[in-house]
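# Working through the structure, step by step
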Amino acid sequence: MKTATKASLKQQIEKLRERIRHHEHLYYVLDAPEISDAEFDRLMERLKQLEAQGPDLITPDSPTQRVGGKPREGLVQVRHSVQMLSLDNTYSEEELRDFDRRVRQGAGKKKVEYVAELKLDGMSMAVHYENRMLAKAVTRGDGRMGEDVTENARTIRALPLSLAEAPLTAARLPADLEVRGEVIMTQKAFVRLNEEREQAGLSRFANPRNAAAGSIRMLEPGIVAKRHLNYVAYMLLDKGHVPLAEQIQVLEALTTLGFKASPHQFCSDIDEALEFCREWEKKRDSLPYEIDGIVIKVNSIALQDELGTTAKAPRWAVAYKYAARQAVTRVLDIRVHVGRTGTLTPVAILEPVAIGGVTVSRSTLHNEDEIRRLGLKIGDAVVVERGGDVIPKVVRVETSERAKHAHKLREFAMPKQCPVCGGKVVREEGEVAWRCINVNCPARLKESIRHFASRKAMDINGLGEALVDQLVDSGLIRDVADIYRLNEETLANLERMGRKSAQNRIAEIEKSREKPLDRLIFALGIRFIGERTATLLADHFGSLDQLEKASLEELEAVSEVGPKVATSIHSFFREPRNQQLLEDLRKYIQFEQKKRAVKGTALAGKSFVLTGTLEKYTREEAKDKIEQAGGHVTSSVSKKTDYVVAGADPGSKLDKAQALGIKVIGEKELEELLSKS
Ligand SMILES: [Zn+2]
């Protein structure tokens, strides 16, 4: 390559990197994106292309290098430069005033200034920068020793890979410094992760904190990147080099350096700090992430040093913890739900109760062991807690209430037969769950059909819960292949079904026959196979026949497929009933991998809702265009919608989109998106 071209390539790359960093910062640190995700992906794609032209120009702080690390064997222990202390907790105004009294005594002052910061519920992590470049990230561990999670930390987009050379208040930024903060997962990322895990037959994370802590310690950075972790900084070490006199300046400096700092406030005394605590306790539900309290720190750094620390915690800071969002209610009944894989899950039916603004009327009890652990009986008064998860949980039984209701209490026993089909239930060695093993169990069949038709599987619009119940109960559907044997006539004869809606549903079913292979693999509902694994398998094998033939060894050769997953796939295809089903399905669905033209385009996997009148296209035309480009169009706005396309005189869908914070675009932007694919 000629030097001149090389120089211009370098310049182009650098400009593009700056632009991408700017948008990463807007999105992940300031929560104020200016461009769509698709546009952002396009910039990244462009940068990758340019860097491919000049591989020697790739620097470790390029935005393309966030996921470069290889999977590791295990985590390496690292000693912290300065111990990561924990904080003492306070639970009441009185305890907080005691803290203030001790601080004022120690300082010999009548009044002390504080900074109050939201206490994010995640996992603490120290991040080291050398020569302004991210060099090492270490989890808190036991405070003295943590684990090196550098490769995973690099995937967190709120974490700068290199620090801006911005003037730091009065002083220049030292080349080496350490930032401390919290790795967190937003509610949205958490809910999505649990949905995916559930689909894949994996256990759900109990709360965003566990999910964040589990994710940052994973061995494979590629998977960590998909967990969408976030980072909020609260402390800057090496402050000896940086003449920052106050904690409030530390937080400002972190912001200047490109970090996200926890929302905070300067407080001229403890009364103001208390006011801040009360204010946020009311507002905590409106945050996109979980907080469990407020941290109150002495503002003066000199006074912090003077007060020092005990063996475990600083004397100049304290956590004010919020009460968990709990309520006491009564368990009216325990019902048993039968899932797609036949798993029997006990569910507590509760006397409806409001917890943090949401009415709760049922709660999963997970399995028989959990009921035993709680010592729960039907009729008991229980404490129910709503954590980060959308599903509330029973924390404990209020045994003190028992005397009053003793005559009404009933023991719960797990049914010895399936509550739906009356078939045999078994509990396999090493598993906590009981399962109905009747493959013809209507409950299992209904669940597996719902799964097959669901949005992320074959996406058969209109094959909803009520219709599936109707079809299975009337014997019209005995397996998923029967879906394709339905015709307009049969459907139109069903109760509450008109000719027009029968037509629409048949059209939807027809459309699903063209779905790509990864969706079909996912739709089959093989245990442990989520969307992601399905995509990997489709890419690797290229057709369902190849996947079916694969040996255990061949399956395990696919990246991210371990022995457990391989065994599950292998035995699925060797089960005669499944073989019969596949033979049937083959008549209706293509088993080969479709051309991947759809993948990698700007609209792949994106969901659109159209509202109002467009100038150039009719609704149907716009829908076709979007679908050709890999996107899909649904009729109503939900939190899963990516874009709402608003034409002239938009309807209530626009209001709903705005209320949910869904990106709204016009016809021109839609055309731009389409032209890119
Ligand atoms: Zn059953």
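Reading the values: rules and limits
- Residues numbered from 1 in each chain as written.
- Predicted model: local features only at pLDDT ≥ 70, side-chain atom pairs only at ≥ 80, totals over all residues.
- Heavy atoms only, no water.
- Domains from an automatic or database assignment.
- Contact = heavy atoms within 4.5 Å.
- Buried area = accessible area lost by both parts, 1.4 Å probe.
- Helix = DSSP H or I, 4+ residues; strand = E, 2+ residues; numbered from the N terminus.
- Polar contact = N/O pair within 3.5 Å; in protein donor to acceptor, adjacent residues only side chain to side chain.
- Donors = N, O, S within 2.8 Å, 3.2 Å for Na, K, Ca; no water.
- Tetrahedral: all angles 85-135°; square planar, octahedral: opposite > 155°, others 65-115°.
- Axes fitted to C-alpha atoms, helices over the stretch in contact; angles between N-to-C directions.
- Parallel < 35°, antiparallel > 145°, perpendicular 65-115°, else oblique.
- Left-handed = near helix turned anticlockwise from the far one by under 90°.
- Nonpolar A, V, L, I, M, F, W, Y, C, P; charged D, E, K, R; others polar.
- Salt bridge = Lys/Arg side-chain N within 4 Å of Asp/Glu carboxyl O.
- Buried < 20%, exposed > 50% of the residue type's maximum accessible area, 1.4 Å probe, protein only.
- pLDDT = per-residue confidence, 0-100.
- Core = buried A, V, L, I, M, F, W, Y, C linked by side-chain atoms within 4.5 Å.
- Pairing = 2+ DSSP bridges.
- Phe/Tyr/Trp six-rings, centres within 6.5 Å; stacked < 30°, edge-to-face > 60°.
- Lys NZ or Arg CZ within 6 Å of the ring centre and 35° of its normal.

### Section: the domain arrangement of the chain
Examined at the domain level, the chain breaks down into domain 1 (3-65), domain 2 (89-321), domain 3 (326-408), domain 4 (442-512), domain 5 (517-594) and domain 6 (598-676). In this structure, domain 3 and domain 4 have C-alpha centres spaced 33 Å apart. Contacts between domain 3 and domain 4 engage 6 residues on the former and 5 residues on the latter. Between domain 3 and domain 4 lies a buried interface of about 460 Å² when both sides are counted; carbon and sulfur atoms form 63% of it.

### Topic: the side chain of Glu147
Position of Glu147 relative to the elements: it lies in strand S6 (residues 145-147). A polar side-chain atom of Glu147 sits 2.6 Å from a polar atom in the side chain of Arg217. With residues near it in sequence (within four places) discarded, Glu147 still touches Leu75, Val76, Gln77, Ala137, Val138, Thr139 and Arg217.

### Comments concerning the coordination of the zinc ion
Every protein donor of the zinc ion is accounted for by Cys418 (SG), Cys421 (SG), Cys436 (SG) and Cys441 (SG), and the metal-donor separations fall at 2.2 to 2.4 Å. If you look at the zinc ion, its 4 donor atoms make angles of 101 to 116 degrees with each other, and the shape they trace is tetrahedral. Sequence spacing of the donor residues for the zinc ion, all on one chain, is C-x2-C-x14-C-x4-C. Of the two residues, Cys418 sits in the loop between helix H12 (402-405) and strand S17 (425-427) while Cys441 sits in the loop between strand S18 (434-436) and helix H13 (442-453), which places them 23 residues apart along the sequence.

### Notes on the packing of H13 against helix H14 (residues 465-473)
Packing of H13 against H14 brings their axes to within 10 Å, and their N-to-C directions diverge by 135 degrees. When the axes of H13 and H14 are compared, the pair comes out oblique. Viewed along their axes, H13 and H14 form a crossing whose handedness is right-handed. Along the contact surface, H13 presents Pro442, Leu445, Lys446, Ile449 and Arg450, while H14 presents Glu465, Val468, Asp469, Val472 and Asp473. When grouped by side-chain class, the residues that make up the contact of H13 with H14 number 5 nonpolar, no polar and 5 charged.

### Considerations on the pattern of salt bridges
Two side chains that carry opposite charge are able to pair once their charged atoms sit near each other. The full count for this structure, using the stated rule, is 48 salt bridges. The partner of Arg157 in a salt bridge is Glu24, with the nearest N and O atoms 3.4 Å apart. Of this pair, Arg157 sits in the loop between helix H4 (150-153) and strand S7 (177-184) while Glu24 sits in helix H1 (residues 3-29), and the two are 133 residues apart along the sequence. With relative accessibility at 22%, the residue Arg157 sits in the partly exposed group. Classification of Glu24 by relative accessible area gives buried; the value is 5%. Asp121 is the salt-bridge partner of Arg209, the closest N and O atoms lying 3.1 Å from each other.

### Re the confidence of the model for the chain
With 94% of its residues at a pLDDT of at least 70, the chain reaches an overall mean of 86. Scored below 50 in pLDDT, residues 595-600 makes 7 contacts in the model with residues more than four places away or belonging to other chains.

### Looking at the nonpolar core
Core analysis: the largest hydrophobic core is formed by 56 residues, its most contacted members being Phe452, Ile483, Tyr484, Leu537, Leu544 and Leu585. Counting contributing residues, this core receives three or more from each of domain 4 (442-512) and domain 5 (517-594). Not counting the four nearest positions on each side in its chain, Ile483 is found in contact with Ile449, Phe452, Ile460, Leu463, Ile477 and Ile509. Of all hydrophobic cores here, the second largest spans 45 residues; its members include Met123, Tyr129, Val179 and Ala253.

### Considerations on the pairing of strand S10 (residues 291-298)
Of all 8 residues in S10, 8 are buried; the element is thus mostly enclosed. As paired strands, S10 and strand S11 (residues 317-321) are joined by 5 bridges and run antiparallel to one another. In the strand pairing of S11, Ile296 is matched with Val318.

### Some details on the packing of aromatic side chains
Two aromatic rings, taken as a pair, are described by how far apart their centres are and by the angle between their planes. In the structure shown here, the tally under the stated rule is 9 aromatic pairs. Centroid distance Phe608 to Tyr643: 5.1 Å. Interplanar angle 25 degrees. Geometry classified as stacked. Here the residue Phe608 occupies a position in strand S19 (residues 607-611), and Tyr643 occupies one in strand S21 (residues 643-646), the gap between them amounting to 35 residues. Phe608 gets classed as buried once you look at its relative accessible area, which sits at 0%. On the accessibility criterion, Tyr643 (3% relative accessible area) is buried. These aromatic residues form a ring-pair network of at least three members: Phe452, Tyr484 and Tyr588. Lying across the ring of Trp280, Lys283 places its NZ or CZ 4.3 Å from the centre. Over the face of the ring belonging to Phe528 we find Lys564, whose NZ or CZ atom lies 4.5 Å from the ring centre.

### Quick word on the packing of helix H21 (residues 563-574) against helix H22 (residues 576-586)
Contact geometry of H21 with H22 gives a least axis separation of 5 Å together with a crossing angle of 70 degrees. When the axis of H21 is compared with that of H22, the two are roughly perpendicular. In contact with Phe572, Phe573 and Arg574 of H21, H22 contributes Pro576, Asn578, Gln579 and Leu582. A class-by-class count of the residues in the contact of H21 with H22 yields 4 nonpolar, 2 polar and 1 charged.

### What to know about the environment of Lys640
Mapped onto the secondary structure, Lys640 falls in the loop between strand S20 (632-634) and S21. Along the sequence, Lys640 and Ile626 sit 14 residues apart, while their C-alpha atoms lie 16 Å from each other.

### Re the sheet that holds strand S4 (residues 123-130)
Taking strand neighbours across the sheet as the criterion, the 4 strands line up as S5-S4-S7-S8 in an open arrangement whose pairing is antiparallel. In the strand order of this sheet, the two ends are held by strand S5 (133-139) and strand S8 (230-236), each with one partner. The mean inter-strand angle of the sheet, taken between neighbouring strand axes irrespective of direction, is 35 degrees. For S7 and S8, the ladder comprises 6 bridges, and the chain directions are antiparallel. Across the sheet, residue Gly181 finds its bridge partner in S8, namely Ala233. Seen against the sheet, helix H8 (residues 247-257) touches S7 and S8 and runs at an angle of roughly 135 degrees to S8.

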